[in-house]
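A look at the structure
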Amino acid sequence: MDAIRLPAERRWADELAALAATDDRPKPQGWALSPKAAWRFVVGEDEPIVYTDDAGTEQTISITRKVVGHDVLVQRAITTLASDRALLLVGEPGTAKSWLSEHLAAAISGTSRHTIQGTAGLTEDQIKYAWNYALLLAEGPSPRALVPAPLYLGMQQGALVRFEEITRAPHEVQDTLLQALSEKLLMVPELSGDEGLVLARPGFNVIATANTRDRGVHEMSAALKRRFHFETVPPIADLAQEMAVVRSQIEERTAQSPAAAVTLDEGVLELLVTTFHELRDGRTADGTQLSRPSNAMSTAEAVAVGQNAVLQAAFFGEQVVEPQHVVMQLAGTVAKEEAGEAKVLRDYFEVAVKPRAARDVGLWKAYYAARDQI
Amino acid sequence: MPRKKRLRPPSPENVDAGVQAILEDSGLVWMGIKHYSPACAIHVRRLIEERPFAAVLIEGPDDANELIPWLVHEDTVPPVTILSSWVDKSNKLGKNGEWSVSKDVPARYRGWWPFVVHGPEYAAVVTAAEREVPTYFIDASLKAQLPTLHSVEQRPSDRGLAENRFFAELATRTGHPTFDAFWDATFEAGAFRTSTEAFRKAVLTFAWCARHVSGAGDDPNNALREAHMRSWIDKLRKTHPDGDLLILTGAYHSVALPFLKGKRAPGKPDAQSKTLLCAHSYRALARLAPGSPNPGFGEAVFRAARNHAASPHQEAVLEVLVRAVDDLRQRGLPLGTADAVGALQVAQGLAHLREQAAPTARDAADAATSAFVKGDVRTAGPEVMHALRRALRGSALGQVAEGAGQPPLLQDFYLQAKAHRLDVTGTERMVRCDIHKQVKHQEKSAFLHRCRVLDIPCFGGIPDTDGPFKGPDWVSGDDLHLTTETWAFAWTEEVDDRLVELSDRGPSIREAAAAMLYEELRSAGTDVAAVADVVASIAQVQTTDLLPVALEALLAAAASDDAFEHLVRALEQTGALAGYLSALRRNIEETRIAEASDALYTRSCLTLPSVRNVPDEEATTFVTRIQSLVRIGVTPGPDGSPRDRALLLDRLAEVATTEGAQPMVRGAAQGLLHTFGALSERQVVASLQAYLNGPTESVLSGGAFLEGLLRVARSTIVTSERLLAAVNETLQRLDEDAFRRVLPDFRRAFSVFIPAEIADLGVRVAGLVDPVPHEVLVFPESERQWAAEMDATIHERFETWISSCGTPGAG
């Protein structure tokens, strides 16, 4: 299908089918896969799966790793979703919280589409249900006139509901979830009898995300917090793992473009990821203190910088990403909050890059030479 | 570099054959265990209950066999520990100075064999006693192990298994972070649904693979102990020829012992050896014993299993989660029973996901992270994790039957506490000691200071202080004006653990404190300030019999330490020491103290010129030290004899006349010499002018010189017109940029003056700037009249305006 991006359940349909076909472990009611199979889907595995598809043909497929470095966290998240508590993934922006939430929903419910996007303008009807006003005026309140929103659908179908950036939504709107999470029901007072009551089917639960930079924008109520188990998703701690993630994401994003043939040397990738890693940590690998930018310097942003560098090499370069391409893309990422923050990046080049350039380590000399591009 | 031998997977046939040979060993029943394992404890109990044994042999020190009746005594409550100690007074092992602070401080060796209610060793001893089966400890004693020890501490551990390459690879492949997590998931979680024979075989199989795949290594301690244990087994086989012997050792040994030859380890207990049964605590166990981080959890599992719970681990997980919630609620976190239930659900789910038969301590910790941390785990997580660790650890305190004998140090502590009427119930009490008037209070003060030196956790905190004590502190030099001491005494459950740890240092608190201070004295080496601190401590804890050797060490350190600041600090300490002993009316070692003080004074004077080169950032500290030395130099020594003032002035002059000396230090030296009349005002001003008339950098140094000068000789210099004029002239001459640069230093220099002095200086400087006094302005009469009329008019207009504002409707 011609789409920029497919939802997880469609993108990994083969893997999910293979896991479902070979899943011999007990499943919680309403789950598409067992907890173990859902975990294997997210963290991947080395051994390929051999299974027989619906057409009776034997297939072999490898389960790719979707999330790096958080295997135990994923276990806890899946286990929480099998309990009567909802799951809240918290962490810095760009730490793959939404990515994890999408893949968990795809594995557990077979769909990741029951998604509420938290914004300052979010209203209750965008969470629960709204009305088709033409029908409402013509017929009065009726199930036909009701337009179900993600929470309604998740409860009705017994599926996971994703609530992205929950703390960006106002308090009163967040608290819409209270009854659904504690009593597992949703009232539609405009409808009478059973039609006015949605009882959640097994498999229903909520995965919310919140980034720690927005803490305090709309802090959750204590009552709502109690209905969630929190999981903090940290940035990837291992440089090599982060490099692998950045490379695979860049390749995936540029696969269908003229930039697919561009060479991204491992040394250039190391410059990019090391810069993000060190600025995020506020110190270099050898322990020298650095100023931290207000931006989170997430893996997702490293991917964006890498992707832009590849595109630049494709469109304006010689089909090979050079250190200067990375430098040119960095300034806009680091100095997002205010232009003065470019100084943080310039300081980084003086404190961390210059000594490496002086020792002529790898491509650091060329990287340092390109610092005027900041 | 030698290549690492590649691990070869064991052939299943070989493993089976090896394990089968152990299981079929005639007359010997090998039970491989993991120390502190509830699963092993339950199966050991079952084994002894189900099969008749002629004797039970246990991995424990054979010099503690006499303690077995006390271990199973009805008044003994675990956790308890066998504690062996040996002090190498004559350096037989040659480790003194290497494993102790110096050659003349004996290395102290200790061995601990803890017994917990959920441990297989305790289960074996108790069950055997119930069945009247003789029990023996068969391991080499601490004394016998000494030549092969790797450190001064010896504790039962599962190092053989835990640090094994076979295990490391196995754990990685099965996704377990540690040996304990692997063991819990594999052997503990499902143990209660397994038959004892199957469990025994599984443990032996694992141990066989661990030992035979990656090799036993060449640890001489291991070899010595195993040969010794085997010699006991052979001996007891002859003693009990008619029945089976149950042999309970760490699984790592169980798979080797059947195939070894026995050899008794030499080394019998001597006068320096002690082996005792002592009370222990889970807190100490978790801290000191490898492999037992969660004794509270282990006990909960064992208790639930003994009560035939369907899932002992699940019961135990629930217990620790509820305990953690209670703990956190008391600390103000809004958690409730529903959260504990939620966490239990997660723990069960994790166990299921991890393919375990039941949740373990690791699952409980993960579940608590999910369910109790309401926020970012980096900020909200540590408090939850601490509460969970406390719950997993438990808080049990052991007890030893009366008559078993306690370490004398423990007895002495409680006897003394009683004699000084100190509350040992755990309630914090304020204790006052009037050390100048009452001998009893002096004794109480000494006891409390000794406890403090020994780091016995029996103190609370005094408000507005950093610690448990407020009063004259002769070590730090704080509050020497006070006449009474106030102590916050608060006995804690950890007191006994600490006393047990210290028990090899001496039979009484006094002797233990003296031993500790002696070690500190040796650690201080040639740092004369550190030695002087120890000397002050010795006086404060009133172990004055140590004073001669301490003073000797002080004299030796004074002769070799060239650091001026160390010498002055030691000199101050020695003076305070003399005063303290005099205040207590303890006129001891007066001659030696005077001798030390004299030597320190001389050495301080001799090293004084070294301060010329101190870094700028340390100059203030050194000026203070020089002032201290001068203060001491002008007062008589402890024996009343005058100090050598000429030496002091001579060395001060060396500093004062060195042009390149650090300027603040040089200024201070000149100020002091001027105070003594050894340097004229003109000379001081000339030095200052030399700085001030130079380039800007030199003027900056002038600021520092002036600061040093004013710090030590403020009152003399304040009257110096020449000095003031020199400063004024310089400041007037400087351009604006230079003035801005030197301003902070000059400002700081003059900050030594009080406001009244500043005002006085201001008037004098005004005189320098404008020597003509201001005349009073006299106005003509007509102008004065005009001004008075204007004033009256303005006054009238204001009155009118104010009254109109108060009228309703007025604008």
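Whatever comes next refers back to the structure up there.
Residues numbered from 1 in each chain as written. Chains lettered and ligands numbered in written order. Predicted model: local features only at pLDDT ≥ 70, side-chain atom pairs only at ≥ 80, totals over all residues. Heavy atoms only, no water.

Right, let's talk about the overall build of chain A for a bit. Along the backbone of chain A there are 16 helices and 11 strands. For the C-alpha atoms alone, the extent of chain A along its principal axes is close to 80 × 55 × 40 Å. Here chain A holds 374 residues, and the buried ones make up 52% of them. Put simply, 71% of the contacts in chain A that link residues at least 6 apart link residues at least 24 apart. (Helix = DSSP H or I, 4+ residues; strand = E, 2+ residues; numbered from the N terminus. Buried < 20%, exposed > 50% of the residue type's maximum accessible area, 1.4 Å probe, protein only. Contact = heavy atoms within 4.5 Å.)

Residues and elements named next belong to chain A. This structure, assessed with the given rule, holds 22 aromatic pairs over all chains. With centroids separated by 6.4 Å and ring planes inclined at 75°, the aromatic side chains of Tyr129 and Tyr152 adopt a geometry described as edge-to-face. With Tyr129 in strand β5 (residues 129–131) and Tyr152 in helix α7 (residues 150–157), this residue pair connects regions lying 23 residues apart in the sequence. As far as burial versus exposure is concerned, Tyr129 and Tyr152 are alike and both buried. (Phe/Tyr/Trp six-rings, centres within 6.5 Å; stacked < 30°, edge-to-face > 60°.)

Another point: α7(A). By the burial criterion, the buried members of α7(A) are A:Pro150, A:Leu151, A:Tyr152, A:Gly154 and A:Met155. Among the residues trailing α7(A), A:Gly158 stands out with phi positive, at a value near 70°.

Within a sheet, each strand pairs with its neighbour through backbone hydrogen bonds, oriented either parallel or antiparallel. Residue and element names in this part refer to chain B. One open sheet accounts for four strands, arranged β6-β4-β3-β8; its pairing is mixed. The two strands at the open ends of the sheet, each matched to only one other strand, are β6 (153–154) and β8 (273–279). With seven bridges connecting them, strand β3 (residues 80–87) and β8 associate as antiparallel partners. When the bridges of β8 are listed, Ile82 appears paired with Leu277. Running over the sheet, helix α20 (residues 495–502) touches β3, β4 (108–115) and β8 and is turned about 135° from β4. (Pairing = 2+ DSSP bridges. Axes fitted to C-alpha atoms, helices over the stretch in contact; angles between N-to-C directions.)

The next thing to look at is the side chain of B:Asn222. Residues and elements named next belong to chain B. Summarising the element assignment, Asn222 is placed in helix α10 (residues 220–239). The buried category is assigned to Asn222, whose relative accessible area is 11%. If sequence neighbours within four positions are ignored, Asn222 has contacts with Arg211, Tyr252 and His253.

Residues and elements named next belong to chain A. Topologically, Val303 is positioned in helix α13 (residues 299–316). In this structure the C-alpha to C-alpha distance between Val303 and Met243, which are 60 residues apart in sequence, comes to 9.5 Å. Once residues within four sequence positions are removed from consideration, Val303 is found in contact with Val246, Gln249, Ile250 and Arg253.

Residue and element names in this part refer to chain A. Strand order across the open sheet formed by five strands is β4-β7-β10-β3-β11, with parallel pairing between neighbours. Each edge of the open sheet carries a strand with a single partner, namely β4 (115–117) and β11 (228–232). Here the strands of the sheet are splayed against their neighbours by 20° on average, with no regard to which way each runs.

In this complex, chain A contributes 24 residues to the contact, which on the side of chain B involves 26 residues. The contact between chain A and chain B buries some 2,100 Å² in all, and 52% of this surface belongs to carbon and sulfur atoms. With its nearest N and O atoms 3.4 Å apart, the salt bridge here joins A:Arg85 to B:Asp339. Elements that contribute at least two residues to the side of chain A that touches chain B include exactly α3 (35–43), α4 (71–82), α10 (222–226) and β11 of chain A. Considering only residue class, the side of chain A that touches chain B consists of seven nonpolar, seven polar and 10 charged. (Buried area = accessible area lost by both parts, 1.4 Å probe. Salt bridge = Lys/Arg side-chain N within 4 Å of Asp/Glu carboxyl O. Nonpolar A, V, L, I, M, F, W, Y, C, P; charged D, E, K, R; others polar.)

The next point concerns the nonpolar core. Residues and elements named next belong to chain B. Ranked by internal contacts, the top residues of the largest apolar core, which has 116 residues, are Phe413 and Ile456. The contacts of Phe413, once residues within four sequence positions are left out, are Phe447, Cys451, Ile456, Cys458, Phe489, Trp491, Val495, Leu499 and Ile509. Cys40, Val80, Leu204 and Trp208 belong to the second-largest nonpolar core, a separate cluster that totals 75 residues. (Core = buried A, V, L, I, M, F, W, Y, C linked by side-chain atoms within 4.5 Å.)

Residues and elements named next belong to chain A. Roughly 1,200 Å³ of internal volume is contained in the largest pocket. Elements supplying a minimum of two residues to the lining of the largest pocket: α5 (97–109), α11 (239–254) and α13. Tallying contributions element by element places α11 first for the lining of the largest pocket, with seven residues. The class makeup of the residues in the lining of the largest pocket is 18 nonpolar, 11 polar and eight charged. (1 Å grid on protein atoms, 1.4 Å probe; cavity = no way out; pocket = protein on both sides within 12 Å on 5 of 7 lines; lining within 4 Å. Points joined across faces, edges and corners; volume = space filled by probe spheres on them.)

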